[in-house]
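# Per-entry structural report
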Amino acid sequence: MIHLEKKANWVRNQVLEMTASAKKGHIGGAFSAIDVLVALYYGGFLRFNPSEPAWEDRDRFILSKGHSTLALYVILADLGFTSWDAFKTYGQNGSFLGAHPDHAIPGIEVDSGSLGNGLGMGAGMALAAKMDQKPVRTVVLLGDGECYEGAIWEAVMFAGHHGLNNLIAIVDRNGQCVTDYTEDCNRLEPFTAKWEACGWEVLSIDGHSFAEIGQALDHGRNRSTQRPLLINAKTIKGKGVSFMEGALEWHHSVPNGEKLVRARRELTWTE
Amino acid sequence: MDRMIDFESVHISEDIRDAFFDQLHRIAEKDARVMLLTADMSAFSLERYKRELPQQYVNVGIAEQNLINIAAGLAKMGKKVFVYGIAPFVTMRCYEQIKIVTEMNLDIHIIGAGAGLSYGSDGYTHHAVQDIGIMRLLRGLRIYNPSDSVSSAAAAYAAYYGHGPSYTRIDKGRFPLIHGSAVWERLIQKGVVSINEGTDVTLLSTGFMVQQALAITEALAAQSIQAGLIDVFQLNPLCAEELNSAIGNSKKLVTIEEHERAGGLGTMVSEWLVDQRRMTPLKRVAIDAQPQGYGDRPWLHQMLGLDTASLTRKIMEFLNVK
């Protein structure tokens, strides 16, 4: 478990530094999702091959909350999907890495800058895998603020109806949207009951506990049910930097000066 | 073109929608990658498709955004996906999703039922009179607008064989055949077909209005006016080279369409003329008003000045013929 925690800390540091130097990035939502991303990519759940990104039997991963893509870029570069030199172009004019995922980037399946479409696309992939009897799992990471989009619920119904048990949705339930807290803006609760009502199996976990994320993913690997799986990962926006945690202004603020120094200090790894 | 079917031996349904789906059925029988998704829509020939190819059919329900997203996922996994809905809904409700799948150049083919005013008294919500204008903004999205059953069947092939996503807008009902099956390949490969040659004026039309325009050429002939007629089957990209040769040395041009003036065929031809630095006089006949009240298509045409008599009069005025 410690290697995942250490890796997640390292990813947070990379995201922090890149956001600071490029003066662009969505730190809050990246930090809330990083532990889940690290568990997916380094915990042995997703099957992929960095030297063959288009490998037919790879698991499909969609970062539907595309604004957290900087964390995914760090991971894809670390795993060898892209080079570090390429990664370093983030934020520069002409870079192939934008602020949101692009299907042209090795390791990224679809464009997901626009919120609300990843789950439907993932459901289409899961349906195709079932039709063709491929051993492919599809995982979609959603933001909770994203779940205001109606297309999400169209896909929730579709996946439940079609028994897409090879589809896993993970909601980064940090309780915040861009400018507000979700329960103040437009109440999402009772959140998981809505998914259950549409035929999903639901697990609620601490999205910063590698033990709980691991257990949930293990469960996702070995299920006998016909239902798709929702992992409702309770997280903290800005996780890891105290003054960012749960603070509304850190959706896409860029740290500098004293705040950057403090963030670096708080993210210093100690064994 | 890799032909799976001898076009001339194929039976073409008189119903313009059935003609499309019959051809899609033939394609899907031979290619298991082909999927048909509907937003809870029916058509006579769809029943046979559903019965015989159930593994290649999904009714997504009345949810057009999800329709396109599911299609995107399927296409990413190697399927060739046709999606079917009511034209204004399957273009405008899910326009942004279409923008994204077009950017990803996915093998998705949108079939919009109810081109132009074909839904008649169902009203403005059901009329597709802005769809060409918005869909042609999506770079790489082919647009087909069949005028009869032969071109409708051809659209299914053009969609399937062509590169990248497409949108076909289909009318409702049975119309006289304009094209012989020999023209099929020309429609697919050239996108523009000359129906009549004429020395006084050339009419350019698309979709159902080609039927109207054909009647107008006859009315004009009775007035000793020789009008040519071009069916613009492929609207995006506009086949400039083919259009150039079809128009030839026409002295005057008239576009006739059942679409808002902004963004439709008239706009395209205007742009094309400017780009070609051609000074040929052009009259654009299109929809210029919101219908007041409800009525069938002939009633709507009269109200909007798109009936044959009004169109003939407008063209004669343009030609300075009293």
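Residues numbered from 1 in each chain as written. Chains lettered and ligands numbered in written order. Predicted model: local features only at pLDDT ≥ 70, side-chain atom pairs only at ≥ 80, totals over all residues. Heavy atoms only, no water.

Residues and elements named next belong to chain B. The strand order across the open sheet formed by seven strands is 2-1-3-4-6-5-10, and the pairing between neighbours is mixed. Two strands in the sheet have a free side with no partner beyond their single neighbour: strand 2 (57-59) and strand 10 (234-236). Between one strand axis and the next, the sheet turns through 20° on average, direction left out of account. Where strand 1 (residues 34-38) meets strand 2, three bridges bridge the pair, whose relative direction is parallel. Within the sheet, the bridge partner assigned to Leu-37 lies in strand 2 and is Val-58. In the packing of helix 1 (residues 16-30) onto the sheet, contacts are made with strand 1, strand 3 (80-86), strand 4 (108-113) and strand 6 (166-170), and the angle to strand 1 comes to roughly 145°. Helix 3 (residues 64-76) rests against strand 1, strand 3 and strand 4 of the sheet, and its axis sits at about 170° to strand 3. (Pairing = 2+ DSSP bridges. Helix = DSSP H or I, 4+ residues; strand = E, 2+ residues; numbered from the N terminus. Axes fitted to C-alpha atoms, helices over the stretch in contact; angles between N-to-C directions. Contact = heavy atoms within 4.5 Å.)

Mapped onto this structure's residue numbering, the UniProt feature "domain: Transketolase N-terminal" (unreviewed entry) falls at residues 7-269 of chain A. As annotated, residues 7-269 of chain A comprises 40% helix and 11% strand, and the C-alpha atoms at either end are separated by 10 Å. (UniProt positions renumbered as here; feature names shortened; annotations may be inferred.)

It is worth spelling out the packing of helix 1 of chain B against helix 2 (residues 44-52) of chain B at this point. Residue and element names in this part refer to chain B. At a closest axis distance of 8 Å, the pairing of helix 1 and helix 2 adopts a crossing angle of 20°. Put simply, helix 1 runs roughly parallel to helix 2. You can see that helix 1 and helix 2 cross each other, and the crossing is left-handed. On helix 2, the residues touching Arg-17, Asp-18, Phe-21, Asp-22, Leu-24, His-25, Ala-28 and Glu-29 of helix 1 are Phe-44, Ser-45, Leu-46, Arg-48, Tyr-49 and Glu-52. (Parallel < 35°, antiparallel > 145°, perpendicular 65-115°, else oblique. Left-handed = near helix turned anticlockwise from the far one by under 90°.)

Moving on, we come to the packing of aromatic side chains. Residues and elements named next belong to chain A. What the rule picks out here adds up to 19 aromatic pairs over all chains. Measuring from ring centre to ring centre gives 6.2 Å for Tyr-73 and Tyr-90, while their planes differ by 65°; the resulting arrangement is edge-to-face. Of this pair, Tyr-73 sits in helix 3 (residues 69-79) while Tyr-90 sits in the loop between helix 4 (84-87) and helix 5 (118-131), and the two are 17 residues apart along the sequence. Taken together, the aromatic side chains of Tyr-41, Phe-48, Phe-61 and Phe-81 make up a single cluster linked through ring pairs. For the cation-ring pair, Arg-137 lies above Phe-45, with the distance from its terminal atom to the ring centre recorded as 4.4 Å. (Phe/Tyr/Trp six-rings, centres within 6.5 Å; stacked < 30°, edge-to-face > 60°. Lys NZ or Arg CZ within 6 Å of the ring centre and 35° of its normal.)

Attention shifts here to the interface of chain A and chain B. Counting residues at the interface gives 24 residues for chain A, matched by 21 residues for chain B. The tally of links from chain A across to chain B stands at one salt bridge. Joining chain A to chain B, the criterion identifies six residue pairs in polar contact (both at pLDDT 80 or more). For the side of chain A that touches chain B, the elements supplying multiple residues, two or more each, are helix 5 and helix 6 (150-161) of chain A. For the side of chain A that touches chain B, the element with the highest residue contribution is helix 5 of chain A, accounting for nine residues. Residue composition of the side of chain A that touches chain B, by class: twelve nonpolar, seven polar and five charged. (Salt bridge = Lys/Arg side-chain N within 4 Å of Asp/Glu carboxyl O. Polar contact = N/O pair within 3.5 Å; in protein donor to acceptor, adjacent residues only side chain to side chain. Nonpolar A, V, L, I, M, F, W, Y, C, P; charged D, E, K, R; others polar.)

Residue and element names in this part refer to chain B. Among the residues making up helix 13 (residues 308-318), those that are buried are Ser-310, Leu-311, Thr-312, Ile-315, Met-316 and Phe-318. Those residues of helix 13 that are buried lie in contact with strand 8 (201-205), helix 9 (209-222), strand 11 (253-260) and strand 12 (282-287). Looking one or two residues beyond helix 13, the residue adopting positive phi is Asn-320, at roughly 60°. (Buried < 20%, exposed > 50% of the residue type's maximum accessible area, 1.4 Å probe, protein only.)

What follows deals with the side chain of Gln-234 of chain B. Residue and element names in this part refer to chain B. Take Gln-234: it is sitting in strand 10. The exposure class assigned to Gln-234 is buried, which follows from its relative accessible area of 9%. Within the structure, Gln-234 has its side chain in polar contact with the backbone oxygen of Pro-237 (distance 3.2 Å).

Residue and element names in this part refer to chain A. Two numbers describe how helix 2 (residues 27-42) lies on helix 9 (residues 210-221): the axes approach to 10 Å, and their chain directions differ by 50°. Relative to helix 9, the element helix 2 is oriented oblique. For the element pair helix 2 and helix 9, the recorded crossing hand is right-handed. Mapping the contact onto sequence places Asp-35, Val-36, Val-38, Ala-39 and Leu-40 in helix 2 and Phe-210, Ile-213 and Leu-217 in helix 9. Considering only residue class, the contact of helix 2 with helix 9 consists of seven nonpolar, no polar and one charged.

On the UniProt side, "domain: Transketolase-like pyrimidine-binding" (unreviewed entry) is annotated at positions that read residues 14-177 of chain B here. The span residues 14-177 of chain B is 43% helix and 18% strand, and its two end C-alpha atoms sit 8 Å from each other.

Our focus in this paragraph is helix 12 (residues 297-304) of chain B. All names here are of chain B. Buried residues of helix 12: Arg-297, Leu-300, His-301 and Leu-304, and no others. For helix 12, the arc enclosing every buried residue in end-on projection is 100°, short of the 170-degree limit, so these residues lie on one face. Away from the buried face of helix 12 by more than 90 degrees, exposed residues Pro-298 and Gln-302 are located. Looking at the packing, one finds that the buried side of helix 12 touches helix 9, strand 11, strand 12 and helix 13. Where helix 12 starts, the residue carrying a side-chain oxygen 3.0 Å from the main-chain nitrogen of Trp-299 turns out to be Asp-296. Two residues or fewer past helix 12, Gly-305 is found with a positive phi of approximately 75°. (Arc of directions from axis to C-beta.)

Our focus in this paragraph is the pattern of salt bridges. For the structure on display, the rule yields 29 salt bridges over all chains. The partner of Asp-59 of chain A in a salt bridge is Arg-47 of chain A, with the nearest N and O atoms 2.8 Å apart. With Asp-59 of chain A in the loop between helix 2 and strand 1 (60-63) and Arg-47 of chain A in the loop between helix 2 and strand 1, this pair connects stretches of sequence that are twelve residues apart. Its salt-bridge partner being Asp-31 of chain B, residue Arg-33 of chain B comes within 2.8 Å of it at the nearest N-O pair. Classification of Asp-31 of chain B as buried rests on a relative accessible area of 7%. Put simply, Asp-144, Arg-173, Glu-183 and Glu-189 of chain A are held in one network by salt bridges that share partners.

With an omega of 0°, the peptide bond running from Glu-189 of chain A to Pro-190 of chain A counts as cis. A cis geometry characterises the amide bond from Asn-236 of chain B onward to Pro-237 of chain B, with omega recorded as -10°. With respect to the helices, strands and loops of the structure, Pro-237 of chain B is situated in the loop between strand 10 and helix 10 (240-247). Positive phi outside glycine occurs at Lys-23 of chain A, with the angle close to 60°. Note on placement: Lys-23 of chain A falls in the loop between helix 1 (2-22) and helix 2. Using a relative accessible area of 65% as the deciding quantity, one classes Lys-23 of chain A as exposed.

Another aspect to go through is the environment of Val-34 of chain B. Residue and element names in this part refer to chain B. For Val-34, the location among the structural elements is in strand 1. The spacing of Val-34 and Gly-266 is 232 residues in sequence and 34 Å in space, taken between C-alpha atoms. Each residue touching Val-34, except ones within four places of it in the same chain, is listed here: Leu-24, Ile-27, Ala-28, Tyr-49, Gln-56, Lys-80, Phe-82 and Tyr-160.

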